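Tertiary structure, described
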Amino acid sequence: MKTVLIAEDNAVNRELLRELLEIRGYDVIETCNGEEALQRIAEAQPDILLVDLGMPVLDGFGTIQQIRDNPTFHSLPVLAVTAYAMQGDREKILNAGFDGYLSKPINPVALDQELERLLNKNNPISALEDRAESTRSRS
Ligand SMILES: [Mg+2]
């Protein structure tokens with residue numbers, strides 16, 4: 001079972017996200033800000049992080065910077081969760097080191113697509129497709 005670590009300061013949003021993830025079969029760990037999330041990573045060993053951009057103590061941009069600078073966690077997949085829907089944000093978010101982002105309110109289809117995209121390295125179906133691909137290219 002995959003584990004998703006959430007960092008989100010709003011209790012209602014956190015609960016909604018937890019429900020969306022749990023019905024999809026993910027284990028969920030909730031934290032309320034970036035500082036708490038960073039403290040939990042080593043022990044929780046999440047497969048992916050979902051990080052709200054606007055949080056007290058340590059916001060999403062501060063959190064992604066510390067993750068990407070950390071030799072142990074730097075390659076962890078991290079999705080930003082953002083209330084902003086302004087032009088140019090996508091670039092700002094990707095330049096900061098996030099692997100992608102989800103806009104609030106979370107669209108379940110977008111959530112599925114992003115989780116699939118970032119977690120499918122360990123997906124047996126995509127592993128089979130990779131093998132088929134390498135067989136074809138060899139012949
Ligand atoms: Mg927030």
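Here is a short report on the structure shown in this document.

Here we take up the packing of helix 2 (residues 34–44) against helix 3 (residues 60–68). Here helix 2 crosses helix 3 at 25°, and the two axes come no closer than 9 Å. Taken together, helix 2 and helix 3 sit at an angle that is classed as roughly parallel. Like other packed secondary-structure pairs, helix 2 and helix 3 cross with a definite hand, here right-handed. On the side of helix 2, the interface is formed by G34, A37 and L38, while helix 3 contributes G60, G62, T63 and Q66. Per-class residue counts for the contact of helix 2 with helix 3 are two nonpolar, five polar and no charged.

Turning our eyes to something else, we now look at the nonpolar core. Counting 24 residues, the largest nonpolar core has L49, L50, V51, L79 and A80 as its most contacted members. Elements represented by at least two residues in this core include exactly strand 1 (3–7), helix 1 (11–22), helix 2, strand 3 (48–52), helix 3 and strand 4 (78–82). Setting aside residues no more than four positions away along its own chain, A80 makes contact with V51, L53, G60, I93, F98 and Y101.

We now examine the sheet that holds strand 5 (residues 100–103). Strand order in the open sheet formed by five strands is 2-1-3-4-5, with parallel pairing between adjacent strands. If you trace the sheet from one side to the other, it starts and ends with strand 2 (27–31) and strand 5, each paired once. If you compare each strand with its neighbour and ignore which way they point, the axes differ by 20° on average. Here strand 1 runs beside strand 2; their pairing, made up of five bridges, is parallel. The residue of strand 2 that forms the bridge with A7 is T31. In the packing of helix 1 onto the sheet, contacts are made with strand 1, strand 2 and strand 3, and the angle to strand 2 comes to roughly 165°. Across the sheet, helix 3 touches strand 1, strand 3 and strand 4, and the angle it forms with strand 3 is around 150°.

Along helix 2, the residues classified as buried are G34, A37 and L38. The buried residues of helix 2 occupy an angular sector of 100° when the element is viewed end-on, so they sit on one face. Opposite the packed face of helix 2, turned more than 90 degrees from it, sit the exposed residues Q39 and E43. Residues of helix 2 that are buried in the fold lie against strand 1, strand 2, strand 3 and helix 3. Two residues or fewer past helix 2, Q45 is found with a positive phi of approximately 50°.

This paragraph deals with the environment of T82. Following the sequence through the fold, T82 ends up in strand 4. Judged by C-beta crowding, with 21 C-beta atoms within 10 Å, T82 ranks as buried. Expressed as a C-alpha distance, the spacing of T82 and D52, which sit 30 residues apart in the sequence, is 5.9 Å.

Our next topic: the environment of I64. Checked against the element boundaries, I64 lands in helix 3. Expressed as a C-alpha distance, the spacing of I64 and G34, which sit 30 residues apart in the sequence, is 8.6 Å. Other than its neighbours up to four places away in sequence, I64 contacts V51, V78, A96, G97 and F98.

Another aspect to go through is the environment of D112. Position of D112 relative to the elements: it lies in helix 5 (residues 108–119). Taking the C-beta count within 10 Å as the criterion, D112 has 12 such neighbours and is therefore assigned exposed.

Conventions and cut-offs
Residues numbered from 1 in each chain as written. Predicted model: local features only at pLDDT ≥ 70, side-chain atom pairs only at ≥ 80, totals over all residues. Axes fitted to C-alpha atoms, helices over the stretch in contact; angles between N-to-C directions. Helix = DSSP H or I, 4+ residues; strand = E, 2+ residues; numbered from the N terminus. Parallel < 35°, antiparallel > 145°, perpendicular 65-115°, else oblique. Left-handed = near helix turned anticlockwise from the far one by under 90°. Contact = placed C-beta atoms within 7 Å. Nonpolar A, V, L, I, M, F, W, Y, C, P; charged D, E, K, R; others polar. Core = buried A, V, L, I, M, F, W, Y, C linked by C-beta atoms within 7 Å. Buried ≥ 20, exposed ≤ 12 C-beta atoms within 10 Å, placed from the backbone. Pairing = 2+ DSSP bridges. Arc of directions from axis to C-beta.

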